[in-house]
Amino acid sequence: MDEKKRGRRKFIKDSLVNTVALAGVAAGAVTTARGQGQDAVGMAPERRNAFTGRSAPSKFVKMARTMPPETPGYTPLQDMVGVITPNELHFMNTHYNLPEIDPAAHRLMIHGLVDKPMIWTMDELKRLPAVTRVHFLECNDNSAASLKGGKTAQGHGRTSCAEWTGVLLSTLLSEVGVQRGASWILAEGDDSGKHSKSIPLEKAMDDTIIAYGQNGEPLRPENGFPLRMVIPGFSGVHNIKWVRRIKLVDEPYMTKAEVASYSSVRPDGKARWFMMEMPPKSVITRPSGGQTLSGPGFHEIIGLAWSGRGAIRKVEVSADNGATWQPAALQGPVQRMAHTRFRLPWTWDGKATTLLSRCEDERGQTQPTLAELSKAWGVPADWWKQTRNPINLFNAIQPWRINADGSIENGFAFI
Ligand SMILES: Nc1nc2c(c(=O)[nH]1)N[C@H]1C(S)=C(S)[C@@H](COP(=O)(O)O)O[C@H]1N2
Ligand SMILES: [Mo]
């Protein structure tokens, strides 16, 4: 070792010794300070007592995923900023029980038309190469609650957007070896009703995630702990929670969730079924129903847009009930099959008006007005409000009516 190197080593060693010595001094200082109202980590006792080790929202923040009188479980889109839904507010929809699963006992099996059926533990899955991606999840019947009397943007809150972490299903499928002739997968959850769904093999091989992470922590039990499928852009019902079994098959299996409850029956008796991708949709979240404009002048219009068919390319806003439209700014990064925040500066003149938003996705598909959607279905516009048929994949433009006193109402109430 030459002199220069030795000198440098000594310097590092001395610095370390000094750091340790300094730490000692600091600890001593804290001990002295403790008598003056601090503990060993320098936290005042009144703060330490309030700290439980797990934080909760401030008592002044009243965001909740309940929307009485409708089913609880809707994300309060009107109160949110950015595009990520905190786990506590991720919408929740479940047909059976809420299983309590010990991850140590959980297994995922892949079998059927494969060369080598396999079973994984959670630990084994976590050893595999993972991905982390931002995607929205939206229930097939989202927005029906807005049509049927929801007063706020929470009527569209059966959608949430999270950063999901897990293994691509294609990674697992390459391990088992998919046999010629397989064209669908049948996926099953570990709840009491064994919720199951057929999914085209093409989608399973493309971007389907077997996820264990949600916004930096394990999935919440309500959202599928310890393991769920995230099928980007496909309607909620496909995204099997508590997933435990995937069978490679050669046709769709006509499970209860694809033939009984998730088809849309038209008035002529025909039904649309096996609808998978959620259509483009946008909702202005501020100003929106139930909120009040504090007065004429500057207000920023903000909202969310998303499409199950790719990235959002364009959002336009009308502040005069559709007479004129202006392009809103898209807040980046604009991610595929993810909520996208849009913003538009607006000066309110204090007169009654109606706000609208419409979006376009990367395939050039757009949002219809309720009148256009009704025409396509051959029904009068108020049919949507009266019908007892399930309303699936509803994406008509949401009108928000601004009254002269600044109060805001759901424009669907006036159909
Ligand atoms: N195992 C299982 N997975 C399920 C369901 C279910 O009832 N059981 N419901 C589906 C439906 S209809 C929706 S909309 C989404 C909702 O996901 P979330 O509750 O995590 O928001 O989960 C889907 N996955
Ligand atoms: Mo759903």
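Just so it is clear, the model here is predicted, and its values are computed rather than measured. Note that residues are indexed from 1 along each chain, following the sequence as it is written. Chain labels run from A onward and ligand labels from 1 onward, assigned in the order the entries are written. Predicted model: local features are reported for residues with pLDDT of at least 70 only, side-chain atom pairs are reported and counted for 80 or more only, and whole-chain, interface and lining totals are derived from all residues. Side-chain descriptors were evaluated using all non-hydrogen atoms of the structure, hydrogens and water having been removed beforehand.

Undergrad: Residue-level account of the confidence of the model for the protein, with values.
TA: Detailed reading of the predicted coordinates is not advisable wherever pLDDT falls low. pLDDT gives the predictor's per-residue confidence on a scale running from 0 to 100. In the predicted model, the protein carries a mean pLDDT of 89, and 87% of its residues have values of at least 70. Going along the chain from the N terminus, every DSSP run of H or I of four or more residues is numbered as a helix, and every run of E of two or more is numbered as a strand. Least confident of the elements in the protein is helix α1 (residues 3–34), whose mean pLDDT is 44; most confident is strand β7 (residues 209–214), at 99. Contacts: residue pairs with any heavy atoms within 4.5 Å of one another. Note that pLDDT drops below 50 for residues 11–35; the model gives that stretch 5 contacts with residues more than four away or on any other chain.

Undergrad: How would you summarise the packing of aromatic side chains if you had to cite specific residues and measurements?
TA: A pair of aromatic rings is counted whenever rings of Phe, Tyr or Trp (Trp by its six-membered ring) have centres within 6.5 Å, and the orientation is called stacked for planes under 30 degrees apart, edge-to-face for over 60 and tilted otherwise. Evaluated as defined, the whole model comprises 8 aromatic pairs. Considering the side-chain rings of W184 and F274, the 6.0 Å spacing of their centres and the 70 degrees angle between planes classify their relative orientation as edge-to-face. Placement of the pair is W184 in strand β5 (residues 184–189) and F274 in the loop between β12 (271–272) and β13 (281–286), with a sequence separation of 90 residues. Only protein chains enter the calculation, and the probe is 1.4 Å; a residue is then buried if its accessible area is under 20% of its type maximum, exposed if over 50%, and partly exposed in between. A relative accessible area of 17% places W184 in the buried class. Look at F394 and F412: their rings are 6.1 Å apart centre to centre, the planes differ by 65 degrees, and that puts the pair in the edge-to-face class. Of this pair, F394 sits in the loop between α9 (383–386) and β20 (400–402) while F412 sits in the segment after β21 (408–410), and the two are 18 residues apart along the sequence. A relative accessible area of 2% means that F394 is categorised as buried. The buried category is assigned to F412, whose relative accessible area is 2%. Sitting over the ring of W325, R358 keeps its end group 3.9 Å from the ring centre. Remark: a charge is flagged as sitting over a ring if the NZ atom of Lys or the CZ atom of Arg is within 6 Å of the ring centre and within 35 degrees of the ring normal.

Undergrad: Describe the site of ligand 1, and please don't skip the residues or the numbers.
TA: Here a residue counts as near a molecule or strand whenever at least one of its heavy atoms sits within 4 Å of it. Residues in contact with ligand 1 amount to 21 residues; listed here are only the nearest, F91, D191, N223, R228 and K241. Polar contacts, as counted here, are pairs of nitrogen or oxygen atoms within 3.5 Å of one another; within protein the pair requires one atom able to donate a hydrogen and one able to accept it, and residues that are adjacent in sequence qualify only if both atoms are side-chain atoms. N93 has a polar backbone atom sitting 2.9 Å from an oxygen atom of ligand 1. Here the Shrake-Rupley method, with its probe set to 1.4 Å, supplies the accessible areas, and only the displayed protein chains count as covering residues. Protein contact buries 100% of the 520 Å² of open area that ligand 1 shows by itself. Three categories are distinguished: nonpolar for Ala, Val, Leu, Ile, Met, Phe, Trp, Tyr, Cys and Pro, charged for Asp, Glu, Lys and Arg, and polar for the others, with Gly belonging to the last. A class-by-class count of the residues in the shell around ligand 1 yields 8 nonpolar, 9 polar and 4 charged.

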